[in-house]
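# Residue-level structural notes
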Amino acid sequence: MTYTFKPEPFEPPVRRIDYEKELNPAQYEAVTTLEGPILVIAGAGSGKTRTLVYRLAYLVEHGVDPGAILLLTFTRKASREMLTRAVHLLNQALGQVVGGTFHGICYLWLRQYGERLGYPKGFTVMDRADQGDLLNLLKERLGFKKLSGPFPRKETIAEMLGAVVNKDLSLDFLLSRDYPQFLEQRDHLAKMAAAYQDEKRRHALLDYDDLLLEGRRLLIEHEDVRRHLSNRFRYLMVDEYQDTNRLQAELVQLLAYSHKNVMAVGDDSQSIYSFRGANFRNIMDFPNLFPGTRVIKLEENYRSTQPILDLANAIIAGARDKYTKCLFTRRADGRRPRLFRAATENEQSRLVVAQVQALQEEGTPLSQMAVLIRAGYHSFDLEIELVRNGIPFMKFGGFKFMESAHIKDLLAHLRVVANPKDTMSWNRLLLLVPGVGRATCNKFNAQVQDSFDLADGITWLRQQRRPQELKDLAGLMESLNGPGHTLMTRMNQTLAYYEPLAKARYDDYPKRMKDLEHLVNITARYQELQAFLNDLTLEPPSSLADVVTPTEDYLTLSTVHSAKGLEWDAVFVIWAAEGRFPGFYSQEGDDEMEEERRLMYVAATRARNYLAVIFPSIGYSRQFGMTVNSPSRFIADIPRDLLEPWRAEVEEW
DNA sequence: CGGATCCCGGTTTTT
DNA sequence: CCGGGATCCG
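What you see is a predicted model, and the numbers here were worked out from it, not measured in a lab. (Residues numbered from 1 in each chain as written. Chains lettered and ligands numbered in written order. Predicted model: local features only at pLDDT ≥ 70, side-chain atom pairs only at ≥ 80, totals over all residues. Heavy atoms only, no water.)

### Observations concerning the pattern of salt bridges
- In total, this model carries 44 salt bridges according to the counting rule given.
- Note that D127 is salt-bridged to K408, the shortest N-O span being 2.8 Å. With D127 in the loop between strand 4 (124–125) and helix 6 (128–141) and K408 in helix 17 (residues 405–418), this pair connects stretches of sequence that are 281 residues apart. Each member of the pair D127 and K408 is classed as buried. (Salt bridge = Lys/Arg side-chain N within 4 Å of Asp/Glu carboxyl O. Helix = DSSP H or I, 4+ residues; strand = E, 2+ residues; numbered from the N terminus. Buried < 20%, exposed > 50% of the residue type's maximum accessible area, 1.4 Å probe, protein only.)

Structure, rendered in structure tokens:
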């Protein structure tokens, strides 16, 4: 008898994954449980991403159609990374898996089904600056500008409206609890809120919150859509669940209604988005939302050395709410974390530079080092010092270049093409024209706005006697609206039109032009105008200052928020001083202070081998002049055997 | 309409 | 003390 082995040359070489061997028991359980609700409490560095990636692979290996998997993450970058890793693991394309943020996914579905809710195809997603502009406009229109007495600034109003949605509060309750000083403006604020809603609706504008709200409405009011989506996505995975809010939890519930196959992954100790309505208690609530939830805890840390973990545990041990989760590691050895007291901010910067260089000489590449900050501006001095020393770096988080005026100026021209109802952008681009001021804008609004037609707008521009420049604008708009231009071409046309205006307007015009050219380059990836614009709003590219080519080895500068989920061999936490980290704005409330503590915990747990905490003992602020800083309360009382005080040897110059 | 001046407020974090 | 925003005036 002969046996014939039939090789299968057309099958790709599939790597068989030994799940049991490559995962620890808790991870294995999470990965191999395919049906029903699961909550994975994953401590920092406990292989949370690994678990998600393996589960993705496991699902597909067990015959689940990748198109039936929906991966909800905090950033699109995170979901891309997970997919890439799963593809690598499986050696199989997973292009069908849908992944993204709650906002991004809702946006997708609103584009698809928005007409069911009365939205035109070309609706605009507003960013925070747009919200401010619109609120300002309404404030004026409603005559609240000349109101006597304290009236909240537009940023504050936006914050209040966001809190009402994301924290599910009534305006009255919110005012009396958080803004008692504005309680007397209650009626005015309610009017503002109503006008804001009305204006958005009439002009096809959706702010971030609306994406979630309208997404929810879509699923509630249109049973067929809900059924369709729920049946299509039979496997939901939600990352960073501790940072979701009630509304997002509801969306998950709606999506899962026909199958309850949800895996939520998160860590209550790393909840750092309460200002956005997230509540770390939500994660505890998951089993109530989904009865029969299997809870799995990942407690072994694979990232950090024991000394670093000891410090992190000591930081979180001071938290008001304690959890049963207990992290341990097998990486027993390692350098003790160090606490540096620098004399000044600049000494702090030079200290970082010196250590970065020393680590580099020891063989740690720049890409394996990061400097973490509480707020974007905390690294200004360091950035100068890095440039001076020729150390390439990239900065993440903090100021968004998308919000800078020149970017918004340029994009305004394209935005009205995509959505002619976008009055804010009309106003913005009109005001750029020399000789055009409020009066012209008002005239435009009165005579054209209600037709909401781009062609009418262009005609109006042509009809104007003066200023002459309005004719140029009309020409540009016509060309932008015309057929046969790629997005790139349109961008370049706009840039050509805008350049002289920018030159006249901004002293630092060359720098700004560089930004704009970079923006034009980004355009290459997009075909469609609306997708491009809304993508920029939903996932703006990070800052462009001192950008280096991505292939180059660079040091990471990041806010702690933007560093979530990432890790490096060496981590520096700078400005670990009272008033900065924790910031003085969080001194009032206990909840806020607790969150600052978790933030410090997140920062400390980013480090694999080396952790340095630094603060300058002398600070300078505009308001107070010279100040003496004390170390952050989160590290001040840590015993010396956990955090070694270190005297820096930085040569003076 | 746009430049000048005055006055208030005050530096988070992000989709 | 600096910058943004509102207001005033030419």
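### Observations concerning the nonpolar core
- Ranked by internal contacts, the top residues of the largest apolar core, which has 47 residues, are L411, L430, L473, M477, L519 and F532.
- In contact with F532, not counting residues within four places along its chain, are L411, L487, M491, I522, T523 and Y526. (Core = buried A, V, L, I, M, F, W, Y, C linked by side-chain atoms within 4.5 Å. Contact = heavy atoms within 4.5 Å.)

### Considerations on the protein's contact with DNA strand B
- Inspection of the region around DNA strand B gives 31 residues, with R374, G376, G435, A439 and T440 positioned closest.
- Near-protein atoms of DNA strand B (within 4 Å) split between backbone and bases, with sugar and phosphate holding 53%.
- Between DNA strand B and R374 there is a distance of 2.2 Å, counted from a base oxygen to a side-chain nitrogen or oxygen.
- Contacts to DNA strand B include S562, whose side-chain N or O atom sits 2.9 Å from a phosphate oxygen.
- Here the surface near DNA strand B gets three residues from one element, more than from any other, and that element is helix 19 (residues 438–447).
- For the surface near DNA strand B, a count of residues per class yields 12 nonpolar, 12 polar and seven charged. (Near = heavy atom within 4 Å. Polar contact = N/O pair within 3.5 Å; in protein donor to acceptor, adjacent residues only side chain to side chain. Nonpolar A, V, L, I, M, F, W, Y, C, P; charged D, E, K, R; others polar.)

### Description of helix 2 (residues 25–32)
- Among all positions in helix 2, only Q27, A30 and V31 are buried. For helix 2, the angular spread of the buried residues around the axis is 95°, confining them to a single face.
- At its buried positions, helix 2 is contacted by helix 1 (19–22), strand 1 (38–42), helix 3 (48–61), strand 7 (262–266) and strand 8 (294–298).
- Capping the start of helix 2, N24 holds a side-chain oxygen 3.1 Å from the backbone nitrogen of A26, two or three residues further along. (Arc of directions from axis to C-beta.)

### Some details on the packing of helix 21 (residues 469–481) against helix 22 (residues 487–505)
- Across the interface, helix 21 lies against helix 22 with an axial gap of 10 Å and an inter-helix angle of 175°. Taken together, helix 21 and helix 22 sit at an angle that is classed as roughly antiparallel. In this structure, helix 21 contributes D472, L473, L476, S479 and L480 to the contact, and helix 22 contributes R490, Q493, T494 and Y497.
- Among the residues forming the contact of helix 21 with helix 22, the class breakdown is four nonpolar, three polar and two charged. (Axes fitted to C-alpha atoms, helices over the stretch in contact; angles between N-to-C directions. Parallel < 35°, antiparallel > 145°, perpendicular 65-115°, else oblique.)

### Remarks on the packing of aromatic side chains
- Across all of its chains, the model carries 14 aromatic pairs by this definition.
- Both rings, one in Y107 and one in F123, keep their centres 5.7 Å apart while their planes meet at 75°; by these two values the pair is edge-to-face. Placement of Y107 in helix 5 (residues 102–113) and of F123 in the loop between helix 5 and strand 4 is noted, with a sequence separation of 16 residues between them. Comparing Y107 with F123 shows no difference in burial state: the two are buried.
- On the basis of an interplanar angle of 75° and a centroid distance of 6.2 Å, the ring pair of F572 and Y610 is categorised as edge-to-face. Here Y610 lies in strand 16 (residues 607–616) and F572 lies in strand 15 (residues 568–573), a separation of 38 residues in the sequence. Take F572 and Y610: they sit in the same class, and that class is buried. (Phe/Tyr/Trp six-rings, centres within 6.5 Å; stacked < 30°, edge-to-face > 60°.)

### Some thoughts on the sheet that holds strand 14 (residues 555–559)
- Spatially, the seven strands line up as an open sheet ordered 13-14-12-15-16-11-19, and their pairing is parallel. The sheet is open, and its two edges are formed by strand 13 (393–396) and strand 19 (644–646), each paired on a single side. Looking at each pair of strands side by side, their axes are set apart by 25° on average, direction ignored.
- Pairing between strand 13 and strand 14: four bridges, direction parallel. From the neighbouring strand, F396 faces strand 14, where its bridge partner is S558. (Pairing = 2+ DSSP bridges.)

### Examining the environment of E383
- Topologically, E383 is positioned in helix 16 (residues 380–388).
- Taking C-alpha positions, E383 is 9.1 Å from K395, a pair spaced 12 residues apart along the chain.
- Here E383 is in contact with F393, K395 and L557, once residues within four sequence places are set aside.

### Remarks on the pairing of strand 1
- For strand 1, the buried fraction is high: five of the five residues fall into the buried class.
- Note that strand 1 and strand 8 share five bridges and pair parallel. Note that in strand 8 the partner of V40 across the bridge is I296.
- Sheet topology note: the strand 1/strand 7 ladder contains four bridges and is parallel.

### Here we look at the side chain of E199
- Here E199 is to be found in helix 9 (residues 186–202).
- Within the local environment of E199, its side chain forms a polar contact with the side chain of H203, the two groups lying 3.0 Å apart.
- In this view, E199 contacts L134, L138 and R141; residues no more than four positions away in its chain are not counted.

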